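Letter by letter, the chains look like this.
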Amino acid sequence: MISKNLEKAINEQIKLEEQSSRIYMAMASWCEVNGLAGAAKFLYAHSDEERDHMLKFVHFLNDRGGHAQLQELEAPGHSWNSLEELFKSVLDHERYVTSKINDLVDICLEEKDHTTNSFLQWFVTEQIEEESLAQEIVDKIKLVGESKGGNFHLDMFLSGLAQAEAGA
Ligand code: FEO
């Protein structure tokens, strides 16, 4: 049986994962209307992945005797000045998510809840990948700069990443 304290904290994480899904969908939509098909494909796939993260928490909490409850969400942003600005926001957001996962692990350690701690380790590992991928994309965007050919290849690269994520 999960503690009330952890139940509340996991419900907050469910909200954050759902919010992440909306943020990435809003970003995907902006890319789609700005001719960035590959980036849009990647971000739509990433939005789906965040929904999967949310569901993992929902099922875990309900299985452990808690009650997953959805909450009101804030409206995400609708536009960005550049792809670089957009992906820097993704990186900042993922760093924030990592900090919240770490906070959850801290609560588990305080409460000696080894079951929830074990469940959370999947997310600890996942966040390494999430941050590293966002950083890699920001680095590539900086590398291509204003080059039209470079940006074309960047969009192809993002499209390929979306396919790889879907097959993962
Ligand atoms: Fe579910 Fe991208 O963190």
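Quick summary incoming for the structure in this document. (Residues numbered from 1 in each chain as written. Predicted model: local features only at pLDDT ≥ 70, side-chain atom pairs only at ≥ 80, totals over all residues. Heavy atoms only, no water.)

### With respect to the overall build of the chain
For the record, the criterion: Working definition: helices are DSSP H or I runs of at least four residues, strands are E runs of at least two. Numbering for both runs from the N terminus. When we talk radius of gyration, it's over C-alpha atoms, and the globule rule is simply 2.2 Å times the number of residues to the 0.38. The rule is simple: take the accessible area with a 1.4 Å probe, protein chains only, and divide by the maximum for that residue type; under 20% is buried, over 50% is exposed, in between is partly exposed. Whether two residues are in contact is decided by their heavy atoms: any pair within 4.5 Å suffices. Surface accessibility follows the Shrake-Rupley procedure with a 1.4 Å probe radius. Residue values consider only the protein chains on display as shielding. Positive residues here are Lys and Arg, negative ones are Asp and Glu, while His and the chain termini are left out of the count. Lys charges are placed at NZ, Arg charges at CZ, Asp charges at CG and Glu charges at CD.
Helix and strand content of the chain: five helices and zero strands. Of the regular secondary structure in the chain, the N- to C-terminal order runs α-α-α-α-α. In terms of overall size, the chain behaves like a compact globule, its C-alpha atoms giving a radius of gyration of 17 Å where 168 residues would be expected to give roughly 15 Å. Referenced to the eigenvectors of the C-alpha coordinate spread, the extents of the chain come out at roughly 55 × 25 × 25 Å. Buried residues in the chain amount to 47% of all 168 residues. Once local pairs closer than 6 in sequence are excluded, the contacts in the chain between residues at least 24 apart make up 79%. Summed over all atoms, the accessible surface of the chain reaches about 9,100 Å², with 53% contributed by carbon and sulfur. Counting 15 positive and 30 negative side-chain charges, the chain places the averaged centre of each group 1 Å from the other.

### Brief notes about helix α1 (residues 4-33)
How we decide: What a helix is expected to span follows from its residue count: subtract one and scale by 1.5 Å.
Along its 30 residues, α1 runs 44 Å from first to last C-alpha, staying within 8% of the 44 Å computed at 1.5 Å per residue. Of all 30 residues in α1, 21 are buried; the element is thus mostly enclosed. Phi for G35, located one or two positions after α1, is positive at around 75°.

### Details of the packing of aromatic side chains
Quick reminder of the rule: Here is the rule: rings of Phe, Tyr and Trp (six-membered ring for Trp) pair when centre to centre is within 6.5 Å. Planes less than 30 degrees apart are stacked, more than 60 are edge-to-face, and the remainder are tilted. In this scheme, Lys NZ or Arg CZ marks a charge over a ring once it lies within 6 Å of the ring centre and within 35 degrees of the ring normal.
Here the structure, examined in full by the defined rule, presents seven aromatic pairs. For the pair W122 and F123, a centre-to-centre distance of 4.9 Å together with 80° between the ring planes defines the contact as edge-to-face. Of the aromatic side chains, those joined through ring pairs into one cluster are F57, F60, F119, W122 and F123. Geometry around W122 places K56 over its ring, the cationic atom sitting 4.3 Å from the centre.

### Considerations on the packing of helix α2 (residues 37-63) against helix α4 (residues 114-144)
Helices that pack against each other are described as a pair by the angle of their axes relative to one another and the distance between those axes. Just so we agree on the cut-off: Whenever a helix is involved, its axis is fitted only over the stretch in contact; in every case the axis is a line through C-alpha atoms, and angles between N-to-C directions fall within 0 to 180 degrees. Throughout this description, any angle smaller than 35 degrees is read as roughly parallel, any larger than 145 degrees as roughly antiparallel, any in the 65 to 115 degree range as roughly perpendicular, and the remainder as oblique. Three classes are used, and their members are as follows: Ala, Val, Leu, Ile, Met, Phe, Trp, Tyr, Cys and Pro are nonpolar, Asp, Glu, Lys and Arg are charged, and the others, Gly among them, are polar.
Contact geometry of α2 with α4 gives a least axis separation of 12 Å together with a crossing angle of 170°. Here α4 runs roughly antiparallel to α2, going by the angle between their axes. Residues F42, H46, E49, E50, H53, K56, F57 and F60 of α2 form the contact with α4, whose participating residues are T115, T116, F119, L120, W122, F123, E126, E130, L133 and I137. Looking at side-chain class alone, the contact of α2 with α4 contains nine nonpolar, four polar and five charged residues.

### Topic: the layout of surface pockets
For clarity, the cut-off: Buried and open spaces are told apart on a 1 Å grid over the protein atoms alone, a cavity being a set of points where a 1.4 Å probe fits but cannot get out and a pocket being an open set with protein on both sides within 12 Å along at least five of seven lines. Residues with an atom within 4 Å of a point are the lining residues. Grid points are joined across faces, edges and corners, and a volume is the space filled by probe spheres set on the points.
Each pocket or cavity is described by its volume, and for the largest pocket that value is around 300 Å³. L36, N81, S82, L83, E84, I141, K142, G145, E146, N151, L154 and D155 together form the lining of the largest pocket. Top contributing element to the lining of the largest pocket by residue count: helix α5 (residues 148-167), with three residues. Residue classes in the lining of the largest pocket are distributed as four nonpolar, four polar and four charged.

### Here we look at empty space enclosed by the protein
One pass over the full model with this rule turns up one cavity of 30 Å³ or more. Approximately 40 Å³ is the volume attributed to the largest cavity. Taken together, F42, H46, F87, V90, E130, L133, A134 and I137 form the lining of the largest cavity. Those elements that provide at least two residues to the lining of the largest cavity are α2, α3 (83-111) and α4. Of all the elements, α4 adds the most residues to the lining of the largest cavity, at four residues.

Interpretation in functional terms is not warranted from these geometric data alone.
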